[in-house]
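Spelled out, the chains give:
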Amino acid sequence: MQRGGVAEAIAVATPALDAEDLEDFEEAPDDEVEKTEEEILDQATAARGIGELKAEITTLGRLESLALAVRRTGEDRKWRELASLLGEIFTGVAIPNGDSSNVATAIPLPKPSPRQKLVVFTEHRDTLSYLEARASTLLGRKESVAVIGKGP
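Residues numbered from 1 in each chain as written. Predicted model: local features only at pLDDT ≥ 70, side-chain atom pairs only at ≥ 80, totals over all residues. Heavy atoms only, no water.

**Topic: the overall build of the protein**
Inference 1: Within the protein, the secondary structure is distributed over 6 helices and 0 strands.
Inference 2: N-terminal to C-terminal, the α/β element order of the protein is α-α-α-α-α-α.
Inference 3: Burial statistics for the protein: of 152 residues in total, 16% are counted as buried.
Inference 4: Restricting the contact set of the protein to residue pairs at least 6 apart, pairs at least 24 apart contribute 56%. (Helix = DSSP H or I, 4+ residues; strand = E, 2+ residues; numbered from the N terminus. Buried < 20%, exposed > 50% of the residue type's maximum accessible area, 1.4 Å probe, protein only. Contact = heavy atoms within 4.5 Å.)

Spelled out as structure tokens, the structure:
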């Protein structure tokens, strides 16, 4: 490819995702998400000139707009699912999550009690802080949530 054509080819080859694609991507199995991410990352390259840099900036601007659009929807399906499960475990009342199909029904839930324990693992501190705040608010008491291993 000619100089400057690489970034433009990347911009063209990078799939354009609409709101429906993003919803499907959110609900996709982890291996499918990982494969798609790898395909997109494999197409990435460092700019070797002004033309390539401009094309990368344009692409990044488009991606930033998509990310902002997702955040503005306020849609957090994973949190809704976890909140529903917390409600069932700790109060016996399912918190509506907008989805009548519950995968967790195959596993019998424990008898609802405020003394139940639930362990949630996450890799990222931002996610941990987010879940800690949301779960504490949902359960009504900060001491209802214990965080283990939250580093600086």
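**Considering the pattern of salt bridges**
Inference 1: On inspection of all chains with the given rule, the structure shows 2 salt bridges.
Inference 2: Between Lys-142 and Glu-132 there is a salt bridge, and its shortest N-O distance comes to 4.0 Å. Note that Lys-142 is positioned in the segment after helix 6 (125–139) and Glu-132 in helix 6, a separation of 10 residues in sequence.
Inference 3: By relative accessible area, which is 16% here, Glu-132 ends up buried.
Inference 4: With a closest N to O distance of 3.2 Å, Arg-141 and Glu-143 form a salt bridge.
Inference 5: Residue classification places Arg-141 among the partly exposed positions, given a relative accessible area of 44%. (Salt bridge = Lys/Arg side-chain N within 4 Å of Asp/Glu carboxyl O.)

**Digging into the nonpolar core**
Note that soluble globular proteins tend to have their nonpolar side chains buried in a common cluster.
Inference 1: One finds Trp-79, Leu-82, Ala-83, Leu-86, Ile-89, Phe-90, Leu-131 and Ala-135 forming the largest nonpolar core, which totals 8 residues.
Inference 2: For this core, the secondary structure elements donating two or more residues are helix 5 (77–90) and helix 6.
Inference 3: Among the elements that take part in this core, helix 5 stands out by supplying 6 residues, more than any other. (Core = buried A, V, L, I, M, F, W, Y, C linked by side-chain atoms within 4.5 Å.)

**Considerations on helix 5**
Inference 1: Given a rise of 1.5 Å per residue, 14 residues ought to cover 20 Å, and the 20 Å separating the end C-alpha atoms of helix 5 matches this to within 8%.
Inference 2: The set of residues buried in helix 5 consists of Trp-79, Leu-82, Ala-83, Ser-84, Leu-86, Gly-87, Glu-88, Ile-89 and Phe-90. (Expected span 1.5 Å × (residues − 1).)

**A closer look at a negative patch on the surface**
Inference 1: Taken together, Glu-20, Asp-21, Glu-23, Asp-24, Glu-26, Asp-30, Asp-31, Glu-32, Glu-34, Glu-37 and Glu-38 make up a surface patch of like negative charges.
Inference 2: Counting only elements with at least two residues in the negative patch, the list comes to helix 2 (19–27) and helix 3 (30–42).
Inference 3: With 6 residues, the single largest contributor to the negative patch is helix 3.
Inference 4: Within the secondary structure, Glu-34 sits in helix 3. (Patch = residues over 30% accessible without salt bridge, like charges linked within 9 Å, V, L, I, M, F, W, Y side chains within 5 Å. Areas by Shrake-Rupley, 256 points an atom, 1.4 Å probe, with all protein chains shown as cover. Lys, Arg positive; Asp, Glu negative; His and termini not counted. Charge placed at Lys NZ, Arg CZ, Asp CG, Glu CD.)

**Observations regarding the confidence of the model for the protein**
Inference 1: Model confidence for the protein is summarised by a mean pLDDT of 74, while 68% of its residues fall at 70 or above.
Inference 2: Confidence, expressed as mean pLDDT per element, reaches its minimum in the protein at helix 1 (residues 5–13) with 53 and its maximum at helix 6 with 88.
Inference 3: Considering only residues more than four positions removed or in separate chains, one finds that residues 98–103, a stretch of pLDDT under 50, has 3 contacts. (pLDDT = per-residue confidence, 0-100.)

**Quick notes on helix 6**
Inference 1: For helix 6, with 15 residues, the first-to-last C-alpha span of 21 Å sits near the 21 Å given by 1.5 Å per residue.
Inference 2: Those residues of helix 6 not exposed but buried are Leu-128, Leu-131, Glu-132, Ala-135 and Ser-136. The buried residues of helix 6 occupy an angular sector of 125 degrees when the element is viewed end-on, so they sit on one face. Facing away from the buried surface of helix 6 by more than 90 degrees, the exposed residues are Asp-126 and Thr-137.
Inference 3: Next to the buried residues of helix 6 lie helix 5.
Inference 4: Of the residues flanking the end of helix 6, it is Gly-140, one or two places downstream, whose phi is positive at about 85 degrees. (Arc of directions from axis to C-beta.)

**Regarding the environment of Leu-139**
Inference 1: Inspection of the secondary structure assignment puts Leu-139 in helix 6.
Inference 2: Residues Leu-139 and Ala-83 lie 56 residues apart in sequence; the distance between their C-alpha atoms is 9.3 Å.

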